[in-house]
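Single-letter residue listing:
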Amino acid sequence: MVSTAEVPAEERFAVWREVSSKLWVPLEARCEPHLESEFRAQADFSGLGLVQAMLLTTTPLSVHRTSKLIRQSDPEVFFLNCVVHGGMRAEQDGRCADLHVGDLMLRDSSHPYLTSHAPGKSSNQVLVLQFPRSLLPLPQRDLRRLTMVPLPGAQGIGALSSHFMLQLARRLHEFTPSDTVRLSTLTLDVLIAALAGALDIHGTVSPETRRRALLAQIHAFIQQNLGDPTLTPGSVAAAHHISLRSLHKLFHTEGHTVAGWIRERRMLRCHRDLADPRLAAQSIAAIAARWGFANSAHFSQAFRSVYGLSPRQFRQQSAIVRAY
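Heads up: these notes are all about the structure in this document. Bear in mind that the values here come from a model prediction, so they are computed numbers and not experimental data.

Cut-offs and rules
- Residues numbered from 1 in each chain as written.
- Predicted model: local features only at pLDDT ≥ 70, side-chain atom pairs only at ≥ 80, totals over all residues.
- Heavy atoms only, no water.
- Salt bridge = Lys/Arg side-chain N within 4 Å of Asp/Glu carboxyl O.
- Buried < 20%, exposed > 50% of the residue type's maximum accessible area, 1.4 Å probe, protein only.
- Helix = DSSP H or I, 4+ residues; strand = E, 2+ residues; numbered from the N terminus.
- Polar contact = N/O pair within 3.5 Å; in protein donor to acceptor, adjacent residues only side chain to side chain.
- Contact = heavy atoms within 4.5 Å.
- Phe/Tyr/Trp six-rings, centres within 6.5 Å; stacked < 30°, edge-to-face > 60°.
- Lys NZ or Arg CZ within 6 Å of the ring centre and 35° of its normal.
- Pairing = 2+ DSSP bridges.
- Axes fitted to C-alpha atoms, helices over the stretch in contact; angles between N-to-C directions.

Let's shift gears to the pattern of salt bridges. One pass over the full model with this rule turns up 12 salt bridges. Between Asp 93 and Arg 95 there is a salt bridge whose closest N-O contact spans 3.9 Å. Look at Asp 93 and you get partly exposed, because its relative accessible area is 28%. Arg 95 gets classed as partly exposed once you look at its relative accessible area, which sits at 27%. Taken together, the shared-partner salt bridges connect Asp 93, Arg 95 and Arg 144 into one network.

With that out of the way, let us pick up the environment of Ser 67. Position of Ser 67 among the secondary structure elements: in helix α2 (residues 67-72). Note on Ser 67: relative accessible area 38%, which makes it partly exposed. For the pair Ser 67 and Trp 261, spaced 194 residues apart in the sequence, the C-alpha separation amounts to 49 Å.

Let us look at the side chain of Arg 265. As for its position among the elements, Arg 265 is in helix α9 (residues 258-274). On the accessibility criterion, Arg 265 (16% relative accessible area) is buried. Reaching out from Arg 265, the side chain makes a polar contact with the side chain of Glu 264 at a distance of 3.3 Å. When residues no more than four places from it in sequence are discounted, the contact partners of Arg 265 are Gln 223 and Leu 226.

What follows covers the packing of aromatic side chains. Enumeration over the complete set of coordinates arrives at 10 aromatic pairs. Look at Phe 303 and Phe 314: their rings are 5.6 Å apart centre to centre, the planes differ by 55°, and that puts the pair in the tilted class. Placement of the pair is Phe 303 in helix α11 (residues 296-307) and Phe 314 in helix α12 (residues 311-323), with a sequence separation of 11 residues. Both residues of the pair, Phe 303 and Phe 314, belong to the buried class. Where Tyr 307 meets Phe 314, the ring centres are 6.5 Å apart and the plane angle is 25°; that geometry is what we call stacked. One aromatic cluster is present, built from ring pairs that chain together Phe 293, Phe 299, Phe 303, Tyr 307 and Phe 314. The ring of Tyr 113 has Arg 107 lying over it, and the distance from NZ or CZ to the ring centre is 4.7 Å. The residue whose ring lies beneath Arg 269 is Trp 291, and the NZ or CZ to ring-centre distance is 5.9 Å.

A separate point is the sheet that holds strand β7 (residues 88-92). Sheet architecture is open: five strands sit in the order β2-β5-β10-β7-β8, paired in antiparallel fashion. Every interior strand has two partners, whereas the edge strands, β2 (28-30) and β8 (95-99), have only one. Recorded for the sheet is a direction-independent mean angle of 10° between the axes of neighbouring strands.

Taken by themselves, the reported measurements are silent on function.
Next comes the structure, spelled out in structure tokens:
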């Protein structure tokens, strides 16, 4: 993590301007003079194989990558932005885009661009994925058509990809090393599916990649809706415009059932919350209900079958372990 939190207020923007060019690609960062004393920024990183993820949170600023800076250094990478909070404006290759929460947008490090983070807002948060251009099995000439073209997160394949990216941003700190290995492939598959969908050239993407991308998007959708007691295989299939049979087949290839995967994820959330001392005042029934278990007796029985202890016993044991 890189943050300006410990830097004196009058030095924060100057420090960020220097650090950001060293961490990514050479850039010119600008901030309105009257806002420099209030400037704040933080970048959280996670490596997903060849895909590097960064969650960037800043107060208003603009970033300019000029032709001169490109000649100075160019890693020849793409950046995919997903707005998590606030908004941004971007320009490249003669195109200008205004992005809102959930929208995706592709940038090319080899061409000049200008981005304005949080215009008119007090703060902004963007997930930025950086990856070599060679990772995408799509024609480069076609990808050039997509730079700075908003991929709306409100419908179609864009909505499914947006759900995945937003979940990735919100859970960036939760992933274990084994998670990141698996996520590297899933993230790339989702990227390819989203961009291929925007280009309408699905023939250039393998059926296996499309299958993994759809499964990753379904996983993200389920994670986002775990607290909904009406979440069922049928509602998941309907939300993704596929048949229930196709949904079951997708999960079967991974060695799971849909209902079992949902139940397992809900149980993991309850397990985490029951061990959290900050939630000690909340009842077991309330925690179970938060994650979709409407019947507390059924939850207790299911919890014991998975962990060998009742929820109450597990909570007491966790408190004892913390005490030591």
